[in-house]
Amino acid sequence: DLYLGACFFGVFHRSFPTVITVHDMSHVRYPRYTTPVVADALARHLPDHARRAAAVLADSESTKRDVVEFLKVPAEKVH
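Since the structure is predicted, the reported quantities are computational estimates derived from the model, not experimental observations. (Residues numbered from 1 in each chain as written. Predicted model: local features only at pLDDT ≥ 70, side-chain atom pairs only at ≥ 80, totals over all residues. Heavy atoms only, no water.)

**Considerations on the overall build of the protein**
And then number 1: Counting secondary structure elements, the protein contains 3 helices and 3 strands.
And then number 2: Put simply, the protein runs from its N terminus to its C terminus through helices and strands in the order β-β-α-α-β-α.
And then number 3: For a compact globule of 79 residues, the expected C-alpha radius of gyration is about 12 Å, and the protein comes in at 12 Å, within 12% of that figure.
And then number 4: Projecting the C-alpha coordinates of the protein onto the three principal axes gives extents of approximately 40 × 25 × 15 Å.
And then number 5: The burial tally for the protein puts 35% of its 79 residues in the buried class.
And then number 6: When contacts within the protein are restricted to residue pairs at least 6 apart in sequence, those whose partners lie at least 24 apart make up 46%.
And then number 7: Carbon and sulfur atoms provide 57% of the accessible area of the protein, an area that totals close to 5,000 Å².
And then number 8: Seen as two clouds, the 10 positive and the 9 negative side-chain charges of the protein have centres 5 Å apart. (Helix = DSSP H or I, 4+ residues; strand = E, 2+ residues; numbered from the N terminus. Rg over C-alpha atoms; globule rule 2.2 N^0.38 Å. Buried < 20%, exposed > 50% of the residue type's maximum accessible area, 1.4 Å probe, protein only. Contact = heavy atoms within 4.5 Å. Areas by Shrake-Rupley, 256 points an atom, 1.4 Å probe, with all protein chains shown as cover. Lys, Arg positive; Asp, Glu negative; His and termini not counted. Charge placed at Lys NZ, Arg CZ, Asp CG, Glu CD.)

**Points about the sheet that holds strand S2 (residues 18–22)**
And then number 1: The strand order across the open sheet formed by 3 strands is S1-S2-S3, and the pairing between neighbours is parallel. The open sheet has two edge strands with one neighbour each: strand S1 (3–5) and strand S3 (55–58). Strand after strand, the sheet turns through a mean of 20° between neighbouring axes, direction not considered.
And then number 2: When S1 meets S2, the two strands line up parallel, connected through 3 bridges. From the neighbouring strand, Leu 4 faces S2, where its bridge partner is Val 19. (Pairing = 2+ DSSP bridges. Axes fitted to C-alpha atoms, helices over the stretch in contact; angles between N-to-C directions.)

**Quick word on helix H3 (residues 61–71)**
And then number 1: Taken as a whole, H3 has its buried residues at Thr 63, Asp 66, Val 67 and Leu 71. One side of H3 holds all its buried residues, which, seen down the axis, span an arc of 105°. Those residues of H3 that are exposed and aimed more than 90 degrees away from the buried face are Glu 61 and Arg 65.
And then number 2: For H3, the elements touching its buried residues are S2, helix H1 (26–29), helix H2 (36–52) and S3.
And then number 3: Remark: Lys 72 follows H3 within two positions and exhibits a positive phi of approximately 60°. (Arc of directions from axis to C-beta.)

**Observations regarding the packing of aromatic side chains**
And then number 1: Scanning all chains against the criterion turns up 0 aromatic pairs.
And then number 2: Over the aromatic face of Phe 12 sits the side chain of Arg 52, whose NZ or CZ is 4.2 Å from the ring centroid. (Phe/Tyr/Trp six-rings, centres within 6.5 Å; stacked < 30°, edge-to-face > 60°. Lys NZ or Arg CZ within 6 Å of the ring centre and 35° of its normal.)

See the structure below:
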């Protein structure tokens, strides 16, 4: 069993692994097109969630590169 976070964030507990999905990093690349509330939540929580997740699912190779670069997640953990 695992928790699948389908939209950026996960739930973390010792009893199960968590996998999160990152659809894009537009809040970093194009902040003017992101609402302040969403940008703030992603900036505050996504780096920690991405590092704590057992794996990160990325929608594209471009997003994978951004997750590795901006969130400092090891490339072998991003699929």
